[in-house]
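Structural description and commentary
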Amino acid sequence: MAKGRKFPEVFFPVGKNSNELSLYHYGKHNCLPGNSYGPNKRDYYLLHFITEGKGTYTVGDKTFHLQKNEAFLIRPNEETFYQADIEEPWEYYFVAFHGTLAEKMVDEVDWIDGYVIRPQNHQSIRSVMRSIYAIKKPDLWGEYMALGHLYIMWAHLIKESKRTRETEIQSNQEDLLNKAIDYIKKNYECGIRVSDIANAINVHRVSLYRLFKDCLNVSVEKYLQNYRMDRAVFLLQNSDCSVTEICARVGMGDYPHFCRQFKRHFGFTPSEYRKLFMSKTNKNGK
């Protein structure tokens, strides 16, 4: 039951029988202080977009405190209660819809706890909701136009959700990549393998491979090998360690394999590289 409210402006399209997606009703409500709806259930989806003020929305054991430029969703067959704030009662647009496509559309959006969204592109959402509300004679052409606006608004919501997911994935990828690289730098001398790196950051080998390919366009095996080769060059240039010792210090216990990899990487064996480097250094020093 609604209590202490101005009556909302509600419009009912003529054709509500589409199996795919139909508007049930839509409109606008400038609520009085403390205005409330519920608790009750509906057999359709109902989206509210708040344009002014604030209020609370309760579904199950969850209560959301909402304000301007936020939206909340009522799902079918769930008991809900929502109420305008006493001091700053909310104003909102609302649109009710149903059909076989409705659930799929709703599931494409990243709702907070399943019911709330705080769109960054709230100007676009407000504009579309205003356009739906402006169709105050929802005959057949009006219904199609309002439905078209609903699709446009949902495209905005899905696009923003995708962007948010991509940002979260990218942030998570960067964090995992940094952990993997840090592990390599601290443990390359210990003869670590790809499986050790994957275990250290708690991901599958395949996921680790994709992480390096996506972020650095190189496999994790190649990155580890390149890092060891770079450290070997540093030691050849800046230490008196033998090639055998350097092989061990960069975590490659197989000396012949180390020499083959080094030559494949730089075009010289480690001994040849050191002689060439010392020769150039001596010439420059004369």
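Residues numbered from 1 in each chain as written. Predicted model: local features only at pLDDT ≥ 70, side-chain atom pairs only at ≥ 80, totals over all residues. Heavy atoms only, no water.

Time to look at helix 4 (residues 194–201). Since there are 3.6 residues in each turn of an α-helix, residues three or four apart along the chain are aligned in direction. Residues Val194, Ile197, Ala198 and Ile201 constitute the buried set of helix 4. Taken around the axis of helix 4, the buried residues stretch over an arc of 100°, which confines them to a single face. (Buried < 20%, exposed > 50% of the residue type's maximum accessible area, 1.4 Å probe, protein only. Helix = DSSP H or I, 4+ residues; strand = E, 2+ residues; numbered from the N terminus. Arc of directions from axis to C-beta.)

Attention now goes to the nonpolar core. One recurring pattern in soluble globular proteins is that nonpolar side chains are buried together. Ile184, Leu208, Phe212 and Phe258 are the most contacted members of the largest nonpolar core, which has 34 residues in total. Among the elements of the structure, helix 3 (140–187), helix 4, helix 5 (205–216), helix 6 (220–238), helix 7 (243–249) and helix 8 (255–266) are those that each provide at least two residues to this core. It is helix 6 that provides the largest number of residues to this core, a total of 9 residues. Look past the residues within four positions of Phe258 in its chain and what remains in contact with it is Met229, Ala232, Val243, Ile246, Cys247, Val250, Met252 and Pro270. Residues Val95, Ile132, Leu147 and Trp154 belong to the second largest nonpolar core, which totals 29 residues. (Core = buried A, V, L, I, M, F, W, Y, C linked by side-chain atoms within 4.5 Å. Contact = heavy atoms within 4.5 Å.)

What follows deals with unusual backbone geometry. With an omega dihedral of 0°, the bond running from Gly38 to Pro39 counts as a cis peptide bond. For Pro39, the position within the fold is in strand 3 (residues 36–40). Not every positive phi belongs to a glycine, and Asn77 is a case in point at roughly 65°. Along the polypeptide, Asn77 turns up in the loop between strand 7 (71–74) and strand 8 (80–84). A positive phi angle, close to 60°, is found at Asn202, a residue other than glycine. Within the secondary structure, Asn202 is located in the loop between helix 4 and helix 5.

The next point concerns the pairing of strand 9 (residues 91–98). It is a general feature of regular strands that their side chains alternate between the two faces of the sheet. Taken across its 8 residues, strand 9 has 6 buried, putting it largely inside the fold. Of the pairings in the sheet, the one linking strand 2 (residues 22–30) to strand 9 comprises 8 bridges and is antiparallel in character. By the bridge assignment for strand 9, Asn30 is matched with Glu91. As paired elements, strand 4 (residues 45–52) and strand 9 share 7 bridges and run antiparallel to each other. Residue pairing in the sheet places Leu46 in a bridge with Ala96 of strand 9. (Pairing = 2+ DSSP bridges.)

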